Amino acid sequence: MARLNKPVRLSGPLTVAELAVKLALKGSDVIRSLMGMGMMVSLNQEIDSDTARIVATELGYTVEEVKAEVEVETEVLEKEKEEDPTLRKNRPPIVTVMGHVDHGKTSLLDAIRKTNVTATEAGGITQHIGAYTVDQGDRRITFIDTPGHEAFTSMRARGAQITDVAVLVVAAEDGVMPQTIEAINHAKAAEVPIVVAINKIDKPEAQPERVKRQLADLGLLAEDWGGKTVMVPVSARTRQGLDTLLEMILLVADMEDIKANPDRDARGTIIEAKLDKGRGPVATLLVQSGTLRVGDVFTCGATWGKVRAMVDDKGKRAKKAGPSQPVEVLGFEEVPAAGDTFVVIGDERKVREIADRRQEKKRKEEQEQARRLTLDDVYRQIKEGQIKELNLIVKADAQGSVEALEKALSGIQQGEVKVKVIHGGVGSVNESDVMLASASGAIIIGFNVRPDPNARRVAEREKVDIRAYRIIYEAVDDVKSAIVGLLAPEFKEVVIGRAEVRQLFKVPKIGVVAGCSVTDGKITRTAGVRVIREGRVIWEGKIDSLKRFKDDVREVAEGYECGIGLENYNDIKEADVFEAYVSEEVKREVTP
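Residues numbered from 1 in each chain as written. Predicted model: local features only at pLDDT ≥ 70, side-chain atom pairs only at ≥ 80, totals over all residues. Heavy atoms only, no water.

A word on the overall build of the protein. Within the protein one finds 15 helices and 34 strands. Per-residue burial for the protein yields a buried fraction of 51% across its 592 residues. Considering only intrachain contacts with a sequence separation of at least 6, the fraction spanning at least 24 residues in the protein is 71%. Counting only carbon and sulfur atoms, one obtains 47% of the accessible surface of the protein, whose full area is about 29600 Å². (Helix = DSSP H or I, 4+ residues; strand = E, 2+ residues; numbered from the N terminus. Buried < 20%, exposed > 50% of the residue type's maximum accessible area, 1.4 Å probe, protein only. Contact = heavy atoms within 4.5 Å. Areas by Shrake-Rupley, 256 points an atom, 1.4 Å probe, with all protein chains shown as cover.)

Below, the structure written as structure tokens:
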């Protein structure tokens, strides 16, 4: 069985099955060897690199040590830490513009671009690579043209912090809106300084002082009111105040001491990426330190590449890109993900090795489907010292409910662990809430509201725990119980389908029957049902009748139409959504 002096390369932890493949042996042979060492294992069980080395040596192999990808990256990071601080120079600040829809984010960005590029560059403005630079005097500012929550959450969830300053756009005539509050909470969670642009001040109904009052209530106190938040009145239409806004951005950036060393191997973050039919994988990179050059070999997420060509934000070919400069790069082996970090490493063999290790790690993670934080495992993670603060996002059907829940939940503290509500809002749970929860390791508490279908899909993908309640004290009790390790509800709710009301029929002696189309999953006769109108739960109960044409049926699948009658409830309207659910008994165990 042994193959004397046969060389084998091993790195990092691996499963018994993977070790057997590397040794070209049967899995049973490796298990037998491990049993001889007193280890009872299965094929899919993971063993550490030291154990794998001992097994390989016993079976007659010569083990060649391969530096693990983590070690290589640690080396690169340590190299940056040891860097001489005097080599770091000022770099342009990287800015993300956020705010409520229709408050003028796009028009403000367009106005800044048109005002601050030269006439010869104006033709290149349409070149959209997701980020661009503008000149302000002898200095530059880089703007990221991407939805605010993506810039802060999807990228931050991968450990990338790219934004230096957040510009919050608030319309002077509308004031603070739900998405404004969301934007503030995203920026605060990312610990990014905020500059407020009070837009549309040219309108006669503009009330900038009212906007300042509303923002003060949210913890953003204007400088001229004795606070620390810079607020600039602007008009994207007349371009009034744009220069002042850019100067204030630079001033705030200077206080943050934004610097980088341009004379080193480049590193940075992917802003967006796509597969171009003619050019292959293409990605927009934002260089954060060092200088990226054509010909550089780099690692990026689970892929790698060699810079074949670069295009700047004006659409021109570039040979190099320094700190805070966005460029579109060709030369990736595969399409990377937004938020992935790229690092230039001169050794192509080492780069390939890192990419292979990361792909292997990614496959394992996908197989294991590692869950994010849920209320069920809060106590275990507290005992292991993994969390000292439980982040919650609260969504409810009315502002009063939001405030009551926030107050009740924020007061919970058990030992060193305290509860922190990082965002509260009115309306159904949406994608932005889920992304914020994903990036912040938060649990979403919904009171009389449900997640919309898109949010539900994203929550499943990101493994975010969404809890729905109809009684405030039940939510509070669950959170308290989770912290002390006593959470033990006997049933778990599973949503099995959704149907949309298309038409209403009044049936004598029966009441109102809703003509519905099943849009998701299935509706069963025995399921519980709740009526959702504009994201709010308005009734919950049981199905009285379920029919296909004139026949009673037990269930109706997605894509089919049916008639649904509800038990003792007739106040149904067209466009209402019926959500069918069942309760499953779950065995809940709390790790001591």
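Turning our attention to a nonpolar patch on the surface. A contiguous nonpolar patch, built from Phe505, Val507 and Ile510 and spanning about 250 Å² of accessible area, is present on the exposed surface. Its location among the elements puts Phe505 in strand E27 (residues 491–507). Residue Phe505 is classed as partly exposed on the basis of its relative accessible area of 40%. (Patch = residues over 30% accessible without salt bridge, like charges linked within 9 Å, V, L, I, M, F, W, Y side chains within 5 Å. Salt bridge = Lys/Arg side-chain N within 4 Å of Asp/Glu carboxyl O.)

We now examine helix H1 (residues 16–23). Every buried residue belonging to H1 is among Val16, Leu19, Ala20 and Leu23, and all of these are buried. Angularly, the buried residues of H1 cover 100° about the axis, an arc narrow enough to put them on a single face. Backbone geometry just after H1 places Ala24 at a positive phi near 55°. (Arc of directions from axis to C-beta.)

This paragraph deals with the confidence of the model for the protein. With 83% of its residues at a pLDDT of 70 or more, the protein shows a mean pLDDT of 81. Confidence, read as mean pLDDT per element, is least for helix H4 (residues 69–81) in the protein (53) and greatest for strand E33 (residues 561–566) (94). Overall, residues 118–127 carries pLDDT values under 50, and its contacts beyond four positions in sequence, including any with other chains, amount to 14 contacts. Counting interchain partners and residues more than four positions distant, the pLDDT-below-50 stretch residues 587–592 has eleven contacts. (pLDDT = per-residue confidence, 0-100.)

Tallied over the entire structure, the rule returns four aromatic pairs. Relative to Phe332, the ring of Phe298 has its centre 4.9 Å away and its plane inclined at 65°; by these criteria the two rings are edge-to-face. Within this pair, whereas Phe298 is found in strand E16 (residues 297–300), its partner Phe332 is found in strand E20 (residues 326–332), the two being separated by 34 residues in sequence. In this structure Phe298 comes out as buried when scored by relative accessible area, which is 0%. For the ring pair Phe298 and Phe342, a centre distance of 6.4 Å and an interplane angle of 75° mean the geometry is edge-to-face. Of the two residues, Phe298 sits in strand E16 while Phe342 sits in strand E21 (residues 341–344), which places them 44 residues apart along the sequence. Side by side, Phe298 and Phe342 carry an identical accessibility label, which is buried. Here the aromatic residues Phe298, Phe332 and Phe342 are joined through ring pairs into a cluster of three or more. (Phe/Tyr/Trp six-rings, centres within 6.5 Å; stacked < 30°, edge-to-face > 60°.)

It is worth spelling out unusual backbone geometry at this point. Backbone geometry at Lys200 places phi at a positive 65°, although glycine is not the residue there. Mapped onto the secondary structure, Lys200 falls in the loop between strand E10 (194–199) and helix H8 (208–217). Judged by its relative accessible area of 18%, Lys200 falls in the buried class. Phi at Asn448 is positive, roughly 60°, even though this residue is not glycine. For Asn448, the position within the fold is in the loop between strand E25 (443–447) and helix H14 (453–462). A relative accessible area of 13% means that Asn448 is categorised as buried.

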